[in-house]
Structures are given as structure tokens and as C-alpha cells.
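# Chains, contacts and geometry: an overview
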Amino acid sequence: LADLRVSLQNIHEENFQYDINYIEESMGWSHQPGDGQHGATVLSSIPSHGDANKLVVETTSTGYGLYAVESYRGHCNTIFAMAYDEKRNQIISGGKDGTLIIWTSDGQIVENLDMARHYACSMDIHPSLHTLLICGVAKEDADSSGGSWCFPPPCIFCYSPVGCGWNEQGILLKDSSKLISCIKALEGTDHAFITGESVPCLGTISRADELVCYYDLQSAMSFASIEPLKKYAAHEELITCLSSFPPDPSVFMSGS
């Protein structure tokens, strides 16, 4: 590790600076101002303004790359998903600890929500309905069947705003899917969203079809009973990201 750190300090090409900063911050290595590093970042564990959830991030950036301004503490395991609530200027985060945290834009925790048997792997806010949509993956300790390893199926959760927080409005159980990997509310449409789903192939457990599924929130009487109106099969590997295409609301993008 000492040799790696010395090697990184001897690299001065601007094209590699983002990667170098990422490695150094992941390892907890910091540079003091004036040590010759471009855009050096110094992380401090001293709470900012008395807030135990906020860490000071000082930067001596000279204009190269993108740098964190502040860091917020709250989760106790890997964070997989985040969304921004533009109407209330809030941040929602979810991770493997099974907790959803609602933050103000300056890092104050507004609310903690516990997802009993799942954790969030992806989330998005529908801009028209102001509805929070979340893909849920079964927690590793979610088996409640006395040792038969019968994990709950993947789910799609729907939350609506209440006061400064969110309230669960519905759960769509997806017994037919092995995994719901990502979700995206479609801009320019009143009620539509898409998901990336791994669906077992007929006659085999080891293989799965990777599908983009198109849903309409008003296509059924309740959220728990909606079904995909369309399915798109173009990927061979796990679908990891979805995006709308603002210039044309009828177009979306998927990646695997």
C-alpha cells in the first residue's frame, strides 16, 4: 500500500486526476494544501457546525475534476439508491441496511423509514405525481419461515408525500421475477414508469430473460395489482440503468 501511495503521488497527468482522487479518498489518504497535487481533497472527521451527521470536506481544487463539498452520515451499510425531491428540496437515500433516509439539502435528517424485509436497490420520483417508486431486494435476514430459506419476492414500493416525509401507499409483489434491478419514472407521461427485471426462462432456473417492463400507474384499481403493459427484450445481461430522454417523452434508454 505504501508503494501504491507513492506511485499515485508521482502521477501528475490531469487525465488521471479523477481516478487518483477516487483511489486516495477510498483508502482514506489525504493531501495537505501545497503538496503539489492538483485538486487535493482533505477529509475531516470533525462534525461541521455541531452536526454529527455531517463531515467537513475541504478542497484545494484548482479546477480539475469534480469534488465533494460535504459528506453526510446516516447509513450503516452500502448505499445503493438515491433520488432528489425537487419540490421539497430533499434527498432520499436507501441502502443495504434496509433504511430509507430523507435529508434536507444541507444534510439534516428529516425522517428514517425502515423497510421490514427488503432494501432499496433503485429509486426514482415521478415528476407528475410526486410519487416515490422503489425497487426492493430481499434482505439476507428476511427469511421468516423457520429456516426454509423462503425469501420474499422482489417488490416495487410506492410512497406518497406526507408532511415533510413519505408514507407507504402500496407494494407490488413480483413473484415472476428473480430481481428488479432498476426503476425510472418517465418524464412527459402522466403515470408511466419502467423497470429492469430478470425473469426466469421457462424450464430452467439458472437462466433469466433480461426485460425492460413498462407500467402505467392508472392501469389497475390498486398499485398491488398493476401489470406491465409492455415488455422489451433486447439485453442479454443484467439491466443496470434506465433513463428518460427529455427531448422526446416517447423515448427511453436502458443499459446493461
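Residues numbered from 1 in each chain as written. Predicted model: local features only at pLDDT ≥ 70, side-chain atom pairs only at ≥ 80, totals over all residues. Heavy atoms only, no water.

### Brief notes about the overall build of the chain
What counts here: The helix count covers DSSP runs of H or I at least four residues long, the strand count covers runs of E at least two residues long, and both are numbered beginning at the N terminus. For every residue, the accessible area (1.4 Å probe, protein chains only) is compared with the maximum for its type, and the residue is labelled buried under 20%, exposed over 50%, or partly exposed between those bounds. We call two residues in contact whenever any of their non-hydrogen atoms come within 4.5 Å of each other. Accessible areas in this description were obtained via Shrake-Rupley with a 1.4 Å probe; residue shielding takes into account the shown protein chains only.
From N to C terminus, the chain includes 2 helices and 17 strands. For the chain, buried positions account for 41% of its 256 residues. The long-range share in the chain, meaning contacts at least 24 apart out of those at least 6 apart in sequence, stands at 40%. By element, 53% of the accessible surface of the chain is carried by carbon and sulfur atoms, the whole surface being about 14200 Å².

### Points about the pairing of strand β6 (residues 99–104)
The side chains of a regular strand alternate, residue by residue, between the two faces of the sheet. We count it as follows: Strands qualify as paired when DSSP identifies two bridges or more between them.
Where burial is concerned, most of β6 is hidden: 5 out of the 6 residues are buried. Taken together, the 5 bridges between strand β5 (residues 90–95) and β6 define a ladder with antiparallel strand orientation. Residue pairing for β6: G94 is matched across the bridge by L100. Connecting β5 to the next strand, β6, in antiparallel fashion are 3 residues, including G98 with a positive phi near 75°. With 5 bridges connecting them, β6 and strand β7 (residues 109–114) associate as antiparallel partners.

### Thoughts on the sheet that holds β5
Spelled out, the test is: Orientation is described by axes fitted as lines to C-alpha atoms, over the contacting stretch for helices, and by angles from 0 to 180 degrees between their N-to-C directions.
Here we have 4 strands laid out as an open sheet, ordered β4-β5-β6-β7, and antiparallel in their pairing. With one partner strand each, in any of the chains shown, β4 (79–85) and β7 form the two edges of the open sheet. The mean angle between the axes of side-by-side strands here comes to 15°, regardless of whether they run parallel or antiparallel.

### Side note on the pattern of salt bridges
Selection criterion: Within this document, salt bridges are pairs made up of a side-chain nitrogen of Lys or Arg and a carboxyl oxygen of Asp or Glu, the two lying within 4 Å of each other.
Here the structure, examined in full by the defined rule, presents 4 salt bridges. Here K184 ties to D124 by a salt bridge, and the two come within 3.5 Å at their closest N and O atoms. In this pair, K184 sits in strand β12 (residues 179–185) while D124 sits in strand β8 (residues 118–126), placing the two residues 60 residues apart along the sequence. Residue K174 is joined to E197 by a salt bridge in which the shortest nitrogen-to-oxygen separation is 3.6 Å. Taken together, the residues span a long stretch of sequence, with K174 in the loop between β11 (165–173) and β12 and E197 in strand β13 (residues 192–200) at a distance of 23 residues. Here K174 and E197 have matching classes, each one buried.

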